[in-house]
Amino acid sequence: MYIAMVSAECAPIAKAGGLGDFVQGLSRELVRRGETVEVFLPNYDVLRLESMTGLHEVYADLPVPFHDQRLTCRVLSGELAGVRCLFIDPRPPCDFFRRGRIYGEADDPERFAWFARAVLEFMLRSGRQPDILHCQDWHTGLVPVLLFELYQALGLRHTRVCFTLHNLGYQGQVGEHILRQVGLDPSRLMVPERLRDPQDSRLANLLKGGIVYANFVNTVSPRYAWEIQNTEQGMGLQPLLKIHAHKFGGVLNGIDDQVWNPESDPLIPANFGLETLPRKALNRQALRQRLGLQDADKPILAIISRLDDQKGVDLMTHGIHYALAHDSQVVLLGTALDPAIAERFARLKQATGANPDCHLELGYDETLAHLIYAGADLLLIPSRYEPCGLTQMIAMNYGVVPIVRRVGGLADTVFDANYSDQPFEVRNGYVFDDMTDAGLESAMTRALGLWRGYPEYFRQLRVNGMRTDLSWRIPAQQYLDIYTHIRSQPA
Ligand code: ADP
Ligand code: GLC
C-alpha cells in the first residue's frame, strides 16, 4: 500500500509535541511491515535535519493556486530512518514557513490551507496516486475537502482519506475567505452539513471539514473517542461526531521503541532494562548532577509537558509544592506559549531557585527529556483533558511510575496500584479523578508513601510498566485494517 502522511509535525525534524512522535512512530512501523510511506511536511526554517539523509530537490517550480495569485514552491525529498519525507517549500517572497517556529503565527490558517493545496497539487503533477492519505489535525483538514471537491475529478481517483484527531482544543476556525483562497466555493461549503462552524456561523471549521469529508475518522484513544462524543470534551463537535459515528473510532497510540528504549537509548548515560534495573540509579545520579540537585534519599518527581491549560497547570504547581513539602525532589521541563502561564512558571522558578531539591527548566530540550525519563521515579500528568498522552507511556518504558488524572488516553494506559480492576501484574501507576488539590493529593500521598515505605512494591510497579507492550505493533495493525477497509469503499 502507498500511504501519504500529511502533517504539520514529524519527530525529530519538526516536533512541538506528541503529534511529531505519532507521525514518526507510525510511519516507521508501517515501513517495517513493507508498506510504502511518504510524509509530507512544510519546509520550516526550524527543521532539525541532522538525522536526514539524501536531501535533494524533486520538483523545481510547482505553481500552487492561491487566491488570485499562484504561489510557486519547490519540493525537497530526504530519508529519515527508512521513511521518505517530502518538504513543501514556497518560493520567496512567500515566507509562510520562515518564521522561526512551527505554530503560533497570526496567519496559521493561510499557511496550512496553502500547504494542503500544495500537497495535492504536487501529487497530481508528480503522478502520485496514494492509496491512503493519512491526515492529522486541523492543519490538514482541508486535504480531504480539496481531494473530494477538486482533485478527484482532476485524476486522484482512487485515493481514500483517514483523518486523525489529536486534539479538539484546536479546530482551525477561520474566515470563509480561506476557502476562497484555496479555490473552494464558500457558498457550497458554508452550510451546517459541511464546513460551517457549529458555534459561530460566520466561520469555517477546518477540523470539521476533515471529519465530514474523510472516509474514516479516528482519535488517539478509545476513551477520548467516547468522551468527545458524549461529554463537553467534544468542544462543540459532539453532535457532528454522533452523525459520523459509523466511520469514527479510537486507536490508542504507540511509542517508537527504537527512540524510547532505555536499553539502547544513546542519549542517556547508562542503558538499562528489566534485568539491569539497578543501573537506573546511575541516570538518577547524572540527572541530579546535570541539574544541580543534592544527592539525597528522595524520589524524583518529574513533569515533562507543554505548560498549557489542557495539561492542568494549576495542579502541576500544587503538585510541585506538595512533593517538595513531602521529602521529594522535583524536576520540570516545559514550555509555555501563553505569556501569562510562562510568567507564572518563571516566577515559580525564581522562588524555588535556591532549593537544592527542585529544578525547573523552562524550554524545549529533547536530550534533557531522555535523561529525565531515565533518571526520574515518578511522572506527574494532571491533565484537564488528554487525547492520548505519550509521556506516561514513555515513562513506563523507562521504569518511571506515572501519576495521572483519569481522563482520555491516560485512563486507557495507567492502572491504579490500589484501586484498578486489573490484575496486579498490569497495575502500573496512580490515578485520580477530581481536578482538585485534594484529588491530586490522594494519588500523590499513595505514590510517595509506597516509594518510601514499600520499595519492593514500588519496584514491582516499575517492572509492570516496563513489561507492557506500548509499541506501535498493535496500533499499526489497526491502522492497516482501517486503510484496507476504506480502500474498498466507492468514492
Ligand atoms: P502533547 O502532544 O499534548 O504535548 P504528548 O504526551 O502526546 O503531549 O507528547 C508530548 C511529547 O513532547 C513527548 O515526546 C514529550 O517527551 C515531549 N515534550 C514535551 N515537552 C517537552 C519539552 N519541554 N522538551 C522536550 N520534550 C518535550
Ligand atoms: C496531541 C494530544 C496528546 C496526544 C498527541 C499525539 O498533542 O494532546 O494527548 O498524545 O496529540 O496523538
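Residues numbered from 1 in each chain as written. Chains lettered and ligands numbered in written order. Predicted model: local features only at pLDDT ≥ 70, side-chain atom pairs only at ≥ 80, totals over all residues. Heavy atoms only, no water.

Asker: Would you take a moment to explain the overall build of the chain for this structure?
Answerer: Scanning the chain from terminus to terminus reveals 17 helices and 17 strands. Its C-alpha radius of gyration of 23 Å places the chain within 12% of the 23 Å reference for a compact globule of 491 residues. Seen through its principal axes, the chain has C-alpha atoms that stretch 70 × 45 × 45 Å. Burial status across the chain gives 60% buried among its 491 residues. Considering only intrachain contacts with a sequence separation of at least 6, the fraction spanning at least 24 residues in the chain is 72%. (Helix = DSSP H or I, 4+ residues; strand = E, 2+ residues; numbered from the N terminus. Rg over C-alpha atoms; globule rule 2.2 N^0.38 Å. Buried < 20%, exposed > 50% of the residue type's maximum accessible area, 1.4 Å probe, protein only. Contact = heavy atoms within 4.5 Å.)

Asker: Sorry if this is basic, but what is going on with the site of ligand 2 here?
Answerer: As a matter of local geometry, ligand 2 sits amid 13 residues, with H166, N253, E386, C388 and G389 nearest to it. Q310 places a side-chain nitrogen or oxygen 3.1 Å from an oxygen atom of ligand 2. Residue C388 places a main-chain N or O atom 3.0 Å away from an oxygen atom belonging to ligand 2. Contact with the protein chains covers 93% of the free accessible surface of ligand 2, which is 310 Å². (Near = heavy atom within 4 Å. Polar contact = N/O pair within 3.5 Å; in protein donor to acceptor, adjacent residues only side chain to side chain. Areas by Shrake-Rupley, 256 points an atom, 1.4 Å probe, with all protein chains shown as cover.)

Asker: Explanation requested: the packing of aromatic side chains in the structure shown.
Answerer: As enumerated under the stated definition, the model contains 19 aromatic pairs in all. For the pair F112 and W138, a centre-to-centre distance of 5.8 Å together with 80° between the ring planes defines the contact as edge-to-face. Here the residue F112 occupies a position in helix α2 (residues 108-125), and W138 occupies one in the loop between β6 (132-136) and α3 (142-154), the gap between them amounting to 26 residues. Assessed through its relative accessible area of 10%, W138 is described here as buried. Judged by centre distance (6.4 Å) and plane angle (35°), the ring pair of Y479 and Y483 falls under tilted. Here Y483 and Y479 lie together in helix α17 (residues 473-487), a separation of four residues that amounts to about one turn. With relative accessibility at 0%, the residue Y483 sits in the buried group. Chaining the aromatic ring pairs together yields one cluster made of Y44, F66, F96, F97, Y103, F112, W114, F115 and W138. (Phe/Tyr/Trp six-rings, centres within 6.5 Å; stacked < 30°, edge-to-face > 60°.)

Asker: Quick question: what am I supposed to make of the site of ligand 1 here?
Answerer: In the vicinity of ligand 1 lie 21 residues, with G18, D21, R306, Y373 and L390 positioned nearest. Between ligand 1 and K311 there is a distance of 2.8 Å, counted from an oxygen atom to a side-chain nitrogen or oxygen. One of the backbone nitrogen or oxygen atoms of G363 is found 2.9 Å away from a nitrogen atom of ligand 1. In isolation ligand 1 offers 570 Å² of accessible surface; the protein chains occlude 93% of this area. Among the secondary structure elements, those contributing two or more residues to the shell around ligand 1 are α1 (18-32), β12 (300-306), β13 (329-335), α12 (366-375) and α13 (391-397).

Asker: Would you take a moment to explain empty space enclosed by the protein for this structure?
Answerer: Summary: where empty space remains is shown by rolling a probe the size of a single water molecule over the atoms. Taken as a whole and judged by the stated rule, the model has one cavity of 30 Å³ or more. In this structure, the largest cavity occupies an estimated 40 Å³ of space. What lines the largest cavity is simply D21, Q24, G254, I255, D256, W260 and L390. For the lining of the largest cavity, the residue count by class is three nonpolar, two polar and two charged. (1 Å grid on protein atoms, 1.4 Å probe; cavity = no way out; pocket = protein on both sides within 12 Å on 5 of 7 lines; lining within 4 Å. Points joined across faces, edges and corners; volume = space filled by probe spheres on them. Nonpolar A, V, L, I, M, F, W, Y, C, P; charged D, E, K, R; others polar.)

By themselves, these observations are geometric and do not establish any function.
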